[in-house]
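Analysis of the macromolecular model
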Amino acid sequence: MVDLQLLIGIGLLYGLLLQAWKLGRWYLLKYYSGIPEIESLRKTVLLRQKLDGTAVICGGSIAGLLAARVCSDFFESVIIVEPEERLTGEDDARGFGWEQEQKRTRVMQYRSLHGFLALFYKGLRELFPDLDEQCQYSDIAIYPADRNMNFAGTPIPAPVKSYGGQLPKTFRCSRAALETFMRHSVLARGSYPNITQIAGTAIGVSPNTNNPSRIGRVKIRKADGRIEELDASLVVDCTGIARAGFKWLSQSGYGSSTEVHDRQQKLSLQDAKISFNQKLQYSTLTFKVSPDVLSKLSLPNLENGFAEDDAERGRRVFGISQGNENRVILFGGQSSDETVKFDSLHAMRELVLDLKMYKDPMPQWVFETLDILEESEPEILYSYVSCPPTTYIQYHRVENLPSNFVAIGDSTMTVDPIFGQGCTKALLGAAVLHAALSSVISHQELPADFSKRFFKDNFNKTNNYGIPCTTPLPGEDLRSGSLIRWYLRKILILGTKDAQAARACWDGGNGLGTSIDIFHPWLVLRVFLSTVI
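Residues numbered from 1 in each chain as written. Predicted model: local features only at pLDDT ≥ 70, side-chain atom pairs only at ≥ 80, totals over all residues. Heavy atoms only, no water.

1. Notes on the overall build of the protein chain
Within the protein chain, the regular secondary structure consists of 15 helices and 19 strands. Every one of the 533 residues in the protein chain was classed for burial, and the buried ones make up 53%. (Helix = DSSP H or I, 4+ residues; strand = E, 2+ residues; numbered from the N terminus. Buried < 20%, exposed > 50% of the residue type's maximum accessible area, 1.4 Å probe, protein only.)

Take a look at the structure:
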């Protein structure tokens, strides 16, 4: 009798926890995932009249192109200020990334391996209804987002069955190829005639003479050194890791306040910037091979990556992917205090041989691929990236910001590139901007709290301390977050043999889940049992 009552009590407790988990997941999906905002990108309300004035987009890379596309639905005029003059010429109209005569000088990953989450593809389909046709024109491959997920070499099966037999899709291309395609779609096809682009560098802002709480003009330095000013109804900082907007606001007196900070810990602009350095660096080798050599390769997936199960050795990673135009890409990365470069096939092979796997050894096809590439002696393009510190400007906590200023992408937050979240983060910022603009369509100008609401919502939508060489935030140490990292490792291991855990890992890795997915009561119970038994 006692045993029966105990079982009933356990069952009721589990049922209550499950319902609480479902409610929590619904709440997080609705208010924190950004997925509803992305799904609404195509649902722009038909405006009788667009907002007066011009949206000035400072920076013309992926974040800037996304912001310009969104603003084109709401403003009479959109101007992209592009600091790299060559991109306002013939290169701007090219539909193929490999046709570019020069590469971007301000984007560190331009010619390096680049990952795109399934959520990023989903969002671009909402912004560009003919996306698939345009990708076909630009020879950008679209394929199911199965990246051979594994835990240190032991496969985590893709949740094909739980997605009805067809995984969500994503892109397979370089950062250069995707950006070139987007520039062609936004600027060269004439689909958005109210978007124009000028060559120049945004160097500052000045307050509106009638209302100092708003930015009135953006100062531009042209290639010949002349200074021009653009009237601006909205200013969008898309300057990337330069974070130029942070400097403009400080120079113009914004972001400072003499008021006593309240319990919500409001900050001055100068105190809002935080960062830590995981000291990640990686190398990319791109091989242009013949169709005959490509036919000899037996890559199980178009993208294949492996990360060793030993953070003490610097979280070393290795990957192989098949790119466009008969290209094969090798990727090697490591967090380290010292400079580490994998600049040859020999160096990549040494990395592969030294990686510490969890249970299964490195697959034989990896070594066969290296052998075939070595024998064929193809042309090699080498790229090295030393990633800057992960940095976040807490605009949502800053007082006295101009009401018509927002920042998107790396200009507000840089993330660890190893997870491929950068472009998705920029997309989420654009989706939040779309939602914010949709809510003020009855106004002839942006309301006084527009910037504040944008940054609050962007914060809601948008820990690498497990690496010994990481430089942590002030007041924290490398033990910060150790418990959640331990639990996440257990979930990844569980995902190698449990379909529900594998689905949680896959959704999280592609931006389609929530932070509570891995805490499903059944998964917590499985982790607990695997730990004590």
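2. Some thoughts on the confidence of the model for the protein chain
When pLDDT is averaged along the protein chain, the result is 85; 86% of the residues meet or exceed 70. In the predicted structure, residues 463-467 sits below a pLDDT of 50 and forms 26 contacts with residues beyond four places in sequence or in another chain. (pLDDT = per-residue confidence, 0-100. Contact = heavy atoms within 4.5 Å.)

3. A word on the side chain of N148
The residue N148 is located in the loop between β3 (141-144) and β4 (150-151) in this model. Those residues in contact with N148 that sit more than four places away from it in its chain are N301, E303, N304, G305 and F306.

4. Observations regarding unusual backbone geometry
One non-glycine residue, A152, lies in the positive phi region at around 50 degrees. Inspection of the secondary structure assignment puts A152 in the loop between β4 and β5 (154-155). Residue classification places A152 among the buried residues on the basis of a relative accessible area of 2%. Its identity is not glycine, yet E377 carries a phi of approximately 50 degrees, on the positive side.

5. Here's the deal with the environment of P388
As for its placement among the helices and strands, P388 is situated in the loop between β17 (379-386) and β18 (390-393). Here P388 falls in the partly exposed class, since its relative accessible area comes to 27%. Sequence-wise, P388 and N277 are 111 residues apart; in three dimensions their C-alpha atoms are separated by 7.2 Å.

6. Topic: a nonpolar patch on the surface
Taken together, the side chains of W522, L525, F528, L529, V532 and I533 present a nonpolar region at the surface, about 610 Å² in accessible area. V532 gets classed as exposed once you look at its relative accessible area, which sits at 52%. (Patch = residues over 30% accessible without salt bridge, like charges linked within 9 Å, V, L, I, M, F, W, Y side chains within 5 Å. Areas by Shrake-Rupley, 256 points an atom, 1.4 Å probe, with all protein chains shown as cover. Salt bridge = Lys/Arg side-chain N within 4 Å of Asp/Glu carboxyl O.)

7. Comments concerning the sheet that holds strand β14 (residues 303-307)
Across the sheet, five strands lie side by side as β14-β15-β16-β13-β17; this open sheet has antiparallel pairing. Lying at the two open borders of the sheet, with one neighbouring strand each, are β14 and β17. Averaged over all neighbouring strand pairs, the angle between strand axes comes to 10 degrees, with direction disregarded. Both strand β15 (residues 317-322) and strand β16 (residues 327-335) contribute to a ladder of six bridges, which runs antiparallel. Bridge pairing in β16 places S321 opposite I329. In this fold helix α10 (residues 364-376) packs onto β13 (280-288), β14, β15 and β16, with an angle of close to 65 degrees to the strand it touches most, β15. (Pairing = 2+ DSSP bridges. Axes fitted to C-alpha atoms, helices over the stretch in contact; angles between N-to-C directions.)

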